[in-house]
Amino acid sequence: MLPETARRKVHETEQRLDHWDAYVRSVYVTILVIMAYLLGYEFDLIGPIHGGVAVVGALWAAATVLSVYKDDRVATRESFFSTMGSTFLGVAVALVYLFWFPPHMWGLALMIILAMLISQAVGLADRGRQVVSALLIIVIFSHLNAANPWINAAMRTAEVLIGAGVGLLGGYFGEKLPGLDKRKP
């Protein structure tokens, strides 16, 4: 026999899964992620350096949807602008590192600290990890291929914009999905 708290948690979970909302929302978010992936993939295929790594860029666009999409329009819009701001900051710090620092772990560590501090100073403290993610992705891609860091930074920014745009549109249209919060028949 389960303790009372465990029984209560099981009951609460059963009640949540007894609503269409969980299923509709799951399918909807999956569709948004696939859309961003496909758009990101097609974009990366026309990019100047990508061909073989288009899948990675497409996944970056798809992951961005999950960062931006929220269940209501206001939260989604705020998340969109925070995501884009943190991306631009991450791009700027990555370019500083790639152009003015030798490729060494201690220089990268210093840039990560700097990125976190700047994100706090400009009001993106809750997005500091996202700033560092953008920084690291650009550095990784710049080490994987010999393309100009500006091109890598532009590609990453475009992929984030694709995913953020899909997430933003998804938040606007998804707020009124039919069947949400209705009991299953």
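These numbers come from a predicted model, not from an experiment. (Residues numbered from 1 in each chain as written. Predicted model: local features only at pLDDT ≥ 70, side-chain atom pairs only at ≥ 80, totals over all residues. Heavy atoms only, no water.)

**What to know about the pattern of salt bridges**
Okay, step 1: The tally for this structure, following the rule as stated, stands at two salt bridges.
Okay, step 2: A salt bridge links Arg-25 to Asp-71; its shortest N-O distance comes to 3.4 Å. Taken as a pair, Arg-25 in helix H2 (residues 20-46) and Asp-71 in the loop between helix H3 (54-68) and helix H4 (73-100) lie far apart in primary sequence, 46 residues in all. (Salt bridge = Lys/Arg side-chain N within 4 Å of Asp/Glu carboxyl O. Helix = DSSP H or I, 4+ residues; strand = E, 2+ residues; numbered from the N terminus.)

**What about helix H6 (residues 128-144)?**
Okay, step 1: Its 17 residues place the ends of H6 24 Å apart at the C-alpha level, agreeing with the 24 Å of an ideal helix rising 1.5 Å per residue.
Okay, step 2: Within H6, the full set of buried residues consists of Gly-128, Gln-130, Val-131, Val-132, Ala-134, Leu-135, Ile-137, Ile-138, Val-139, Phe-141 and Ser-142.
Okay, step 3: Next to the buried residues of H6 lie H3, H4, helix H5 (105-121) and helix H7 (149-174). (Expected span 1.5 Å × (residues − 1). Buried < 20%, exposed > 50% of the residue type's maximum accessible area, 1.4 Å probe, protein only. Contact = heavy atoms within 4.5 Å.)

**Quick look at the environment of Val-55**
Okay, step 1: Looking at the secondary structure, you find Val-55 in helix H3.
Okay, step 2: Note on Val-55: relative accessible area 38%, which makes it partly exposed.
Okay, step 3: Taking the C-alpha atoms as reference, Val-55 lies 9.3 Å from Leu-38; in sequence the two are 17 residues apart.
Okay, step 4: If we ignore the near neighbours within four places in the chain, the residues touching Val-55 are Tyr-37 and Tyr-41.

**Things to note about the UniProt feature "transmembrane region" (unreviewed entry) in the protein**
Okay, step 1: Here, the residues flagged by UniProt with the feature "transmembrane region" (unreviewed entry) are residues 20-39, 45-68, 80-100, 106-124, 131-151 and 157-174.
Okay, step 2: The span residues 106-124 shows a helical share of 84% and a strand share of 0%, and its end C-alpha atoms are spaced 24 Å apart.
Okay, step 3: Counted over residues 157-174, helix gives 100% and strand 0%. Its end C-alpha atoms are 25 Å apart. (UniProt positions renumbered as here; feature names shortened; annotations may be inferred.)

**Some thoughts on H5**
Okay, step 1: Taking 1.5 Å per residue as the helical rise, H5 with its 17 residues ought to reach 24 Å, and the 24 Å between its terminal C-alpha atoms agrees with that figure.
Okay, step 2: Listed in full, the buried residues belonging to H5 are Gly-107, Leu-108, Met-111, Ala-115 and Ser-119. Seen along its axis, H5 keeps its buried residues to an arc of 105°; they face one direction. Facing away from the buried surface of H5 by more than 90 degrees, the exposed residues are Trp-106, Ile-113, Leu-117 and Ala-121.
Okay, step 3: Elements that come into contact with the buried residues of H5 comprise H4 and H6.
Okay, step 4: Phi turns positive one or two residues past the end of H5, at Gly-123, with a value near 90°. (Arc of directions from axis to C-beta.)

**Looking at the nonpolar core**
Okay, step 1: Residues Val-93, Ala-115, Leu-135 and Val-139 are the most contacted members of the largest nonpolar core, which totals 16 residues.
Okay, step 2: Sorting the residues of this core by element identifies H4, H5 and H6 as the ones contributing at least two each.
Okay, step 3: The element that contributes the greatest number of residues to this core is H4, accounting for six residues.
Okay, step 4: Among all residues touching Val-93, those that are not within four sequence positions of it are Met-111, Ala-115 and Leu-135. (Core = buried A, V, L, I, M, F, W, Y, C linked by side-chain atoms within 4.5 Å.)

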